[in-house]
Amino acid sequence: MIAPDPSSLPSSHQLPDQQRVVITGVGLTAPNGNDWASYRAALLEGRSGVQPYEIRYFGKTLAGICDYDTRKYQTRKEIRRGTRAGSVGVYAAGEAVGHSGLDWDNVDRSRVGIYIGVTEHGNVETENEIHEIKGYDYNTDYWSHHHNPRTVANNPAGEIALNMGITGPHYTIGAACAAGNAGLIQGAQMLRLDECDVALAGGTSESIHTFGIFASFNSQGALAVHDNPAEASRPFDTERNGIVVAEGGCVYVLERLSDAKARGAEIYGELVGYAINTDATDFVLPNPERQAQCVRLALRRAGLEAGQMDIVSTHATGTTSGDAQECQALREVFAGCKRVHFNNTKSYIGHAMGAAGALELAGNLPAFKDGVCHPTINVDNLDPDCALDGLVLNEPQELGGVEYILNNSFGMLGINSVVIIRRY
Amino acid sequence: MTNDEIREEIIDILEDIAPDEDLGDLDDEKSFRDQLELDSMDFLDIVMELRKRHRVQVPEEDYPQLASMASTVAYLEPKMRDIVKN
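In this text, all values refer to a predicted model and were calculated from it rather than measured experimentally.

Trainee: Explain unusual backbone geometry here, please?
Mentor: A negative phi angle is the norm for most residues apart from glycine, just as the trans form is the norm for most peptide bonds. All names here are of chain A. One non-glycine residue, Ala 176, lies in the positive phi region at around 45 degrees. Looking at the element boundaries, Ala 176 is found in the loop between β5 (170–174) and α7 (179–192). The exposure class assigned to Ala 176 is buried, which follows from the 21 C-beta atoms found within 10 Å. Positive phi, close to 55 degrees, is recorded for Ala 280, a residue that is not glycine.

Trainee: What is the right way to look at the pairing of strand β4 (residues 112–118) of chain A in this model?
Mentor: Each regular strand displays side chains that alternate between the two surfaces of the sheet. Residue and element names in this part refer to chain A. Judged by how many residues are buried, β4 sits mostly within the fold: 7 of 7 residues are covered. Where burial is concerned, the two faces of β4 agree: the one with Val 112, Ile 114, Ile 116 and Val 118 and the one with Gly 113, Tyr 115 and Gly 117 are both buried. As paired elements, β4 and strand β6 (residues 198–205) share 6 bridges and run parallel to each other. Bridging across to β6, Tyr 115 finds its partner in Ala 201. With 5 bridges connecting them, β4 and β5 associate as parallel partners. Directly across from Tyr 115, in β5, lies its bridge partner Tyr 171.

Trainee: Just to check I follow, could you spell out the environment of Val 88 of chain A for this structure?
Mentor: Residue and element names in this part refer to chain A. Residue position: Val 88 is located in helix α3 (residues 84–100). We classify Val 88 as buried; it has 30 C-beta atoms within 10 Å. Placed 304 residues apart in sequence, Val 88 and Val 392 show a C-alpha to C-alpha distance of 30 Å. Ignoring sequence-local partners within four residues, the contact set of Val 88 consists of Thr 29, Cys 66, Thr 204, Glu 206, Glu 247, Gly 248 and Gly 249.

Cut-offs and rules
Starting from 1, residues in each chain are numbered consecutively following that chain's sequence as written. Chain A is the first chain written and ligand 1 is the first ligand written, with later ones labelled in order. Residues qualify for local features only when their pLDDT is at least 70, as the model is predicted, and side-chain atom pairs are given and counted only at 80 or more; totals for whole chains, interfaces and linings, by contrast, use all residues. Secondary structure is summarised from DSSP: a helix means a run of H or I of at least four residues, a strand means a run of E of at least two, and numbering begins at the N terminus for each. Any residue with 12 or fewer other C-beta atoms within 10 Å of its own C-beta is exposed, any with 20 or more is buried, and the rest are partly exposed; the C-beta atoms used are placed from the backbone. In this description, strands pair whenever DSSP reports at least two bridges between them. The contact criterion used here is simple: two residues whose C-beta atoms, placed from the backbone, lie within 7 Å are in contact.

Purely geometric numbers; function is a separate question.
If you want it as structure tokens, here you go:
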């Protein structure tokens, strides 16, 4: 079988409305905001969501912590039964559907699909159970019967389905820290395949509740340390020293353009291009060549040139080598592109893992309306290896009109993902 | 423990398992399921909590004994009468 040349594929605006996928709702909780508007305001005001944090075995550290109202969409029993990732997902999905203006009571729930990206799932619950049975001399008779339903990989998506009575397909997409974008991409694909009419797509993370993630990043020399929590996550700065782990979630309502138009929905952007590829070179170290290829593939599929992008939301996590390598990839792809501006959201909220890609895109989407590129904060001394023309540092920048946003999200085992959203 | 104390323990467990329920009007003679939204996983929670809190083992064949408060207390009385309430 001969694969089609992506450059020969029709670009989005040449497709019929039934094949065009648009965003009609955004729901989220981030360490610095529990709805889209307050999150955007925090990004424009330079407000961090990183706080002191302590977790068993590991001890004192820093984390991006969410304080959403868990009872807004869940009963106490649902919260007790489920997982934090599920709860975050339920909240984000509930907010997204509310925001979308869908007549939810009359939506055919068998035609709703749930596609939720996760970096990892089950570590929190497994650690909890081991901690619990330690008090019973490791007798597994005391191991909870809730363990399996909490740790199956589809749990966060399944909890959304249970909570909202959705009977269409639901599953998670395990894609390390590229998962938020991967969830969006999966949702778009399923709409195009007519597997569903509404896709709830994005990502969720409960990662701050597993000590293992902190301990592992620490052992890797990749966990951020700073006296001031708000300054700990500092991609591109010479003093960056690692990742701040965060929790959070972001779910989009995606619909085919034809359906969105038919119901008169407000459209917040059109997904015009995407790509996922793989480094196949290392478990943890990124590969700028493959990252650049991924960006170029997404651009080609969208029928766009690099120079047409207005905002590139970087993945940079605050590690010494990772940030520089992404900048190397971006420098290569966007060389000479005067229009493009680069920013980074992890500098505010830390790394929300499976939710990162979806959250970071959400923080930038309002630029279609207000024309402002939020900055990367905490850059006191720009690392020359991270210098990019158009890097927006510490202060928001008025861009005038914004037509395209490109969102990078990369993950361990060499997974790269890119989505491109067009103003509608 | 007296029967009243065993009942208190069960109420305490139910408050954790079914935190949205009002247990004040519970009729001890009626089955839990007729009065509360409890499913099989919740009943396993009752069994697990008895095991964790009081080291009381409830074998699977005895689960039907936990149908109502009255039957639960009657079933647990011989297992818990020698336990001193904290």
